[in-house]
Amino acid sequence: RLRMPPIKLAIVTLLLLLPSLVVSSPTEKATKKQPNILILLVDDLGFGDIGANGNTTIRTPNVDRIAKEGVRLSHHLTAAPVCTPSRSALLTGKYPIRMGMVPSIQMQVFPFTASQAGLPTNETTFAKVAQRSGYRTGLIGKWHLGAHCSNSKDFCHHPNNHGFDYFYGCLLTLLKDFSGLGESVLHSRFPHYYRNISLTLLATLASLGVGYKIGILPRKLCIFLALLGVLVTGFLFCLPDYLVRTVNSQLHRQTELVEQPIRFEKLTQRLVWEGEEFLDKAVDEGKPFLLFMSFLQVHSPLYNSVPGYRGRSAHGWYGDNIEEMDWSVGQILDALDKRGLSDDTIVYFSSDNGGHIEETTHTGERAGGHNGIYRGSKCQGAVDGGIRVPGLLRWPGVIPAGSQSNALTSQMDIFPTLLEAMGQPVPSGIDGRSITKLLRQPQSTKSPHDFLFQYCGTLLHAVRWNSPEGVLKLRHYSPNWLPGTEGCRYICGCMEGLGSVRHSVPLLYDLSADERETAIVPADSERYRRLVPQILEAERRHQASLSSVPSQFTFAKLMWRPWLQDCCNFPLCNCRDTKYDSRPA
Ligand SMILES: *[C@@H]1O[C@H](CO)[C@@H](O)[C@H](O)[C@H]1NC(C)=O
Ligand SMILES: *[C@@H]1O[C@H](CO)[C@@H](O)[C@H](O)[C@H]1NC(C)=O
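What counts as what
Residues numbered from 1 in each chain as written. Chains lettered and ligands numbered in written order. Predicted model: local features only at pLDDT ≥ 70, side-chain atom pairs only at ≥ 80, totals over all residues. Heavy atoms only, no water. Near = heavy atom within 4 Å. Polar contact = N/O pair within 3.5 Å; in protein donor to acceptor, adjacent residues only side chain to side chain. Areas by Shrake-Rupley, 256 points an atom, 1.4 Å probe, with all protein chains shown as cover. Nonpolar A, V, L, I, M, F, W, Y, C, P; charged D, E, K, R; others polar. Core = buried A, V, L, I, M, F, W, Y, C linked by side-chain atoms within 4.5 Å. Buried < 20%, exposed > 50% of the residue type's maximum accessible area, 1.4 Å probe, protein only. Helix = DSSP H or I, 4+ residues; strand = E, 2+ residues; numbered from the N terminus. Axes fitted to C-alpha atoms, helices over the stretch in contact; angles between N-to-C directions. Parallel < 35°, antiparallel > 145°, perpendicular 65-115°, else oblique. Left-handed = near helix turned anticlockwise from the far one by under 90°. Contact = heavy atoms within 4.5 Å. Domains from an automatic or database assignment. Phe/Tyr/Trp six-rings, centres within 6.5 Å; stacked < 30°, edge-to-face > 60°. Lys NZ or Arg CZ within 6 Å of the ring centre and 35° of its normal.

I tried to follow the site of ligand 1 on my own but got confused; where do I start?
In the neighbourhood of ligand 1, the contacting residues comprise Gly48, Asp49, Asn55, Thr57, His315, Tyr318, Arg366 and His370. Separating an oxygen atom of ligand 1 from a side-chain N or O atom of aspartate 49 is a distance of 2.5 Å. Between an oxygen atom of ligand 1 and a side-chain N or O atom of histidine 370, the distance comes to 3.1 Å. Notes on ligand 1: free accessible area 360 Å², of which the protein chains cover 76%. Of the residues in the shell around ligand 1, the class split is one nonpolar, five polar and two charged.

Structure representation (structure tokens):
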């Protein structure tokens, strides 16, 4: 038996413990200290649009730097192929269908700031959790998750009401109509819009005339219906130019409407400057921060406001937009460096959906992203082009620099992962899974998901299974591409006959061997018969877990309501943010 006097024993014990104290104390501190969080979300950026994902001709050194100093997730998915639902899933960690945030008609996103639809106020966003745990929170750029409920001043769906202390940006999104060059979303989708509504009016007037002549319609009713027809037609005529452009094109600072319509002058810089000012405030207050830079680029309309970027890239105007977005990323990363914040900040970079390959400018120049080897486009639920997005994370001291993970991850995983980093409990009933373990050991950690469901609107288009035999995908639908393309006219709709086709015998793909989804596993094969029932069973379990919630995409909620319309210098609806007038571009 070892016998020692108490003093000596204490000294020996101390000596034995010392190395572990020295080693463990800083890491303990690091895990206890709440890290800052910077989210960089690009609008409509394609998987193949950045150097980090293998693009050798576009210049995105700042984006690529995040991958070099952190991890690149190669199989990273959004929960929807279009922004409104996808962004709601990122913020809450849940499938949009659990929040009524899925298109049930042809409209895929909220069309007006003066719509009633929005992310329900009772949902928990990571920003709300951050705010509760002492963070200063801010969102700069695009929101597109609603604004008002019952009047133009209530801002019930505004970022301020969803956990963000500070907001500067666009409550809707950039729309090509905002360029003032005569481009319009409505025209792209319905090329004969004006002709069709004019013809409809003429036909209505003619039948009213005939009805009156042959005596089946009383004169007063005829006049009433004719006037109504003219009014409705007038409204539809104004819709693209007045309603979409002048009225929707707005920038808010907090709830104050500061610019209408949006000027592109210094727009990219203004977002960056707002981000820098936010960082300064957080540092002054001594609080950890969560800054969500939600870039307006590279969505249409294309614009460049940073001198030297127009005509800079090897890929036309669209490429110029990517490179300018990369400039913004660089400015924000530099801002962290300059303030000594980089070592304590988690940086997440991604896109809200895949590139929009059908998008063009008013002159027909390409204006949408490049989805790498993945097929299809934004708004397509069944194939991967619309949902496989760049996924880069940097977290010094946690994520090994320059690493890569091919594990299946979802943007919904960001919610629980950030909550863990803040030291907050992760609520049950969410669909995202924490990827903290995977971030610590990217090469050797498996995906936390067994199944991921791929929705297009309310329809389940595909399911992927992280099976023992690799990642498999079962497709119930396919987009109905125009011959020789991987797109439709502007966008493919989700519904059968309206942009998609349904497969009565679902198609099975083995993504581990066939990432491009070019060859199906034959339906009469042993493999198909063995695997598909298990996928269908998972689908049933998932669908049984959904409860019915009010839809945010009803016609009544999406409709434009005059009393929800914010307008500066009424009735001109015209004002300009003058805050940065004296600052050189
Ligand atoms: C790089 O990105 C540009 C811009 O989207 C695209 O035109 C080009 O095809 C991409 N190149 C490669 C090799 O992926
Ligand atoms: C929010 O409210 C709606 C309707 O009032 C309800 O259906 C939904 O379950 C609620 N969501 C949460 C997360 O509490």
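Text resumes after the structure shown.
So what exactly am I meant to see when it comes to the nonpolar core here?
One broad trend across soluble globular proteins is that nonpolar side chains are buried collectively. Counting 55 residues, the largest nonpolar core has Leu38, Leu40, Met293, Met325, Val329 and Phe349 as its most contacted members. For this core, the secondary structure elements donating two or more residues are strand 1 (36–42), helix 2 (61–68), strand 4 (166–170), helix 8 (267–285), strand 7 (289–294), helix 9 (316–338) and strand 8 (345–351). Looking at this core element by element, the count peaks at 10 residues for helix 9. Residues Leu73, Leu119, Ile414 and Leu438 belong to the second largest nonpolar core, which totals 46 residues.

How should I be thinking about the site of ligand 2 in this particular structure?
For ligand 2, the full set of nearby residues is Lys94, Asn122, Glu123, Val549 and Pro550. The side chain of asparagine 122 places a nitrogen or oxygen atom 2.3 Å from an oxygen atom of ligand 2. In the complex, the protein chains occlude 43% of the 360 Å² of accessible area that ligand 2 would expose alone. Looking at the shell around ligand 2 residue by residue, the class counts come to two nonpolar, one polar and two charged.

Is there a simple way to explain the side chain of lysine 266 in this structure?
Along the chain, the position of lysine 266 falls in the loop between strand 6 (256–259) and helix 8. Of the polar contacts made by the side chain of lysine 266, one reaches the backbone oxygen of aspartate 581; its length is 3.3 Å.

So what exactly am I meant to see when it comes to the packing of helix 8 against helix 9 here?
To characterise two packed helices, one gives the angle between the axes of the helices and the distance between these axes. The N-to-C vectors of helix 8 and helix 9 enclose an angle of 15 degrees; their axes lie 10 Å apart at closest approach. As far as their axial angle goes, helix 9 and helix 8 are roughly parallel. Classified by chirality, the crossing of helix 9 by helix 8 is right-handed. Taking contact as the criterion, the partners of Thr268, Gln269, Val272, Gly275, Glu276 and Leu279 in helix 8 are, on helix 9, Glu324, Trp327, Ser328, Gln331, Ile332, Ala335 and Leu336.

Just checking my understanding: could you explain the domain arrangement of the chain for this structure?
Interface size is commonly expressed as the accessible area that is lost once the parts come together. Looking at the assigned domains, one finds that the chain contains domain 1 (36–175 + 250–449 + 551–564) and domain 2 (186–241). For domain 1 and domain 2, the distance between their C-alpha centres works out to 42 Å.

What's the story with the packing of aromatic side chains in this structure? I'm lost.
The description of an aromatic ring pair uses the distance of the two centres, along with the angle that the planes make with each other. In this structure the tally under the stated criterion is 14 aromatic pairs. Seen in terms of ring centroids, phenylalanine 47 and tyrosine 374 are 5.0 Å apart; in terms of plane orientation they differ by 85 degrees. Their pairing is edge-to-face. In this pair, phenylalanine 47 sits in the loop between strand 1 and helix 2 while tyrosine 374 sits in the loop between strand 8 and strand 9 (391–394), placing the two residues 327 residues apart along the sequence. Judged by its relative accessible area of 7%, tyrosine 374 is buried. Taking the centre distance of 6.3 Å and the plane angle of 65 degrees together, the rings of phenylalanine 164 and phenylalanine 292 count as edge-to-face. One end of the pair, phenylalanine 164, is in the loop between strand 3 (136–142) and strand 4; the other, phenylalanine 292, is in strand 7, with 128 residues separating them in the sequence. Per residue, the accessibility class of phenylalanine 164 equals that of phenylalanine 292, and both read buried. Three or more aromatic residues joined by ring pairs make a cluster, and in this case those are Phe126, Trp143, Phe164 and Phe292. Looking at arginine 310, its charged tip hangs above the ring of tryptophan 317, at a distance of 4.1 Å from the centre.

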